[in-house]
Amino acid sequence: GPYGGANAIKLRLLPLLGSGSVFSGFAVGKQTSNSNLFPPKTYESDISKYPRQDKYEVDLIETRKENNRLREQILSLEGENERLKTHIYCPNKNEYDFTKDNSGSLKNLPTSSKMHEEKDVGPLSLSAPSDLTPSMLTGVSPLSPNDPIQRYRQHILVMRFNELFSLHRVEAMGILRRYIDDYEASQKIIFYTVLDSFHVAKSHFRAYKNRVRKQIAANNLITTETLDELVQSYINIHASHSADISLLVKDACLALERRVPRIRRPSQNLGFEVIKDFIYETCKLAWECAALSHPLEICRPACENELIDEAKYRRSHDSSYPTLIIHHHIWPCLMQNERIVAKGEVCTRGNFNSYGFEIMVR
């Protein structure tokens, strides 16, 4: 350009920069006395003039004071409550005694303030009234068939009884097939297993209920109706956890051993323990059926070859429908107070004559 570009500027300014004459006029001089007129501003003076407290810290201190005050009140109330309970349950016999002749003096009688104090602390008693029964608490007696616990558990137990037939019985039959090739013999073993399990569970539960009844009667002075309700309420809560199922299984196996002439033993070494799982489930169900206020029971056959009752039993698939005689039982029916709850299953089959024809009995 007309000024020679950047090279001309460099040639003129570089010597001056090297000599340092450009910044010589900008040397910093001494501070004058006026430099102290405006000192740097700090916050120390403000803090000293206006001390600041944290709001949360103040709230925390107040809360601690309030907690300490409430704790002292609670301790004093607990001490007063203990004193009043001691006064209620362990009254001082020296205050007054009506067995002595107090006609000449009224010094031993309580003052009006003491009588008023006893009336005030009466409701603080922690013991339940003697006339309070479970029916008063729930509105329905535990012995009633309309009791919600009775109805709900009965419905569940009937479902489990049907499941025991459709599921666990089939599994047990599969196990017995490994040891016994006779299908009818296996069916008889299953039937008598259910019979003996319910009988053993009922016997053990009767002894358990008598123990509970004696224990409650010894600790309470109540009427017979109230005692029955208390016993049933206790059984509804604790019976399912108080059963020794292993002992029931052992007794059921012994009962099956006594039927060996009529039924076959599955194994000479193991005996009836080959279906131990099925016996366990049956005994557990039988115990819970017996624990109801209106227990569920199974119908025991009156004789070996009885006439079929269509209300109690259904016929198996291999039955002879024109025949009315029960050849053998497959599954018992479940009853409650002479009412059929779940049907059983039987096989109806008549006897055969020498020519191979079935003898019909009507």
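Predicted model, so just to flag it, every value in this text is computed and none were measured.

**Q** Help me understand the overall build of the protein, please; the structure alone is not making it clear to me.
**A** Across its full length, the protein carries ten helices and six strands. Within the protein, contacts between residues at least 6 apart in sequence are counted, and of these 67% link residues at least 24 apart. In the form shown here, the protein has an accessible surface area of approximately 25,600 Å², with 55% of it arising from carbon and sulfur atoms.

**Q** Got a minute to help me understand the packing of helix 7 (residues 183-219) against helix 9 (residues 245-257) in this structure?
**A** How two helices sit against one another is set out by the angle between their axes and by the gap between those axes. Contact pair helix 7 / helix 9: the axes reach a minimum separation of 9 Å and the direction vectors enclose 130°. Taken together, helix 7 and helix 9 sit at an angle that is classed as oblique. Judged by the sense of rotation from one axis to the other, the crossing of helix 7 with helix 9 is right-handed. In contact with Y192, T193, D196, S197, V200, A201 and H204 of helix 7, helix 9 contributes L247, L248, D251, A252, A255 and L256. In the contact of helix 7 with helix 9, the residues fall into eight nonpolar, three polar and two charged.

**Q** Whenever I open this one, the sheet that holds strand 3 (residues 326-331) confuses me. Can you help?
**A** To summarise the sheet geometry, strands pair through backbone hydrogen bonds and adopt either a parallel or an antiparallel arrangement. With mixed pairing, the three strands of this open sheet are ordered in space as 2-6-3. Each end of this open sheet is capped by a strand with a single partner; those strands are strand 2 (313-315) and strand 3. Neighbouring strand axes in the sheet, compared pairwise and without regard to direction, differ in orientation by 35° on average. Pairing geometry for strand 3 and strand 6 (residues 344-348), over four bridges, is antiparallel. Bridge pairing in strand 6 links H329 to V346. Those strands touched by helix 6 (residues 148-176) are strand 2, strand 3 and strand 6, and its axis lies near 100° from that of strand 3.

**Q** Quick question: what am I supposed to make of helix 10 (residues 276-290) here?
**A** An α-helical segment advances 3.6 residues per turn. Residues three or four places apart therefore align on the same side. In this model helix 10 runs 21 Å from its N-terminal to its C-terminal C-alpha over 15 residues, within 8% of the 21 Å that 1.5 Å per residue would give. When we look at burial in helix 10, the residues that qualify are F278, I279, T282, C283, L285, A286, W287, C289 and A290. Looking at the buried residues of helix 10, the elements they touch are helix 6, helix 7, helix 8 (224-242), helix 9 and strand 3.

**Q** Sorry, what's going on with unusual backbone geometry here?
**A** Most peptide bonds are trans, and most residues other than glycine sit at a negative phi. For N337, which is not glycine, the phi torsion reads 55° and is therefore positive. Mapped onto the secondary structure, N337 falls in the loop between strand 4 (334-336) and strand 5 (339-342). Of note, the phi angle at E338 is positive, near 65°, even though the residue is not glycine. Relative to the helices and strands, E338 resides in the loop between strand 4 and strand 5.

**Q** What exactly am I supposed to notice about the pattern of salt bridges here?
**A** Note that side chains of opposite charge can pair when their charged atoms are close. Counting across every chain of the model gives ten salt bridges. Between R160 and E288 there is a salt bridge whose closest N-O contact spans 2.5 Å. Residue R160 is found in helix 6, and its partner E288 is found in helix 10; the two are separated by 128 residues along the sequence. With relative accessibility at 23%, the residue R160 sits in the partly exposed group.

**Q** Help me understand the side chain of S293 in this model?
**A** Residue placement: S293 occurs in the loop between helix 10 and strand 1 (297-298). The class of S293 is buried, set by a relative accessible area of 18%. Polar side-chain contacts of S293 include one of 2.8 Å to the side chain of Q150. Discounting residues that sit within four places of it in the chain, S293 has contacts with P142, L143, S144, Q150 and Q232.

What counts, and where the lines are drawn
- Residues numbered from 1 in each chain as written.
- Predicted model: local features only at pLDDT ≥ 70, side-chain atom pairs only at ≥ 80, totals over all residues.
- Heavy atoms only, no water.
- Helix = DSSP H or I, 4+ residues; strand = E, 2+ residues; numbered from the N terminus.
- Contact = heavy atoms within 4.5 Å.
- Areas by Shrake-Rupley, 256 points an atom, 1.4 Å probe, with all protein chains shown as cover.
- Axes fitted to C-alpha atoms, helices over the stretch in contact; angles between N-to-C directions.
- Parallel < 35°, antiparallel > 145°, perpendicular 65-115°, else oblique.
- Left-handed = near helix turned anticlockwise from the far one by under 90°.
- Nonpolar A, V, L, I, M, F, W, Y, C, P; charged D, E, K, R; others polar.
- Pairing = 2+ DSSP bridges.
- Expected span 1.5 Å × (residues − 1).
- Buried < 20%, exposed > 50% of the residue type's maximum accessible area, 1.4 Å probe, protein only.
- Salt bridge = Lys/Arg side-chain N within 4 Å of Asp/Glu carboxyl O.
- Polar contact = N/O pair within 3.5 Å; in protein donor to acceptor, adjacent residues only side chain to side chain.

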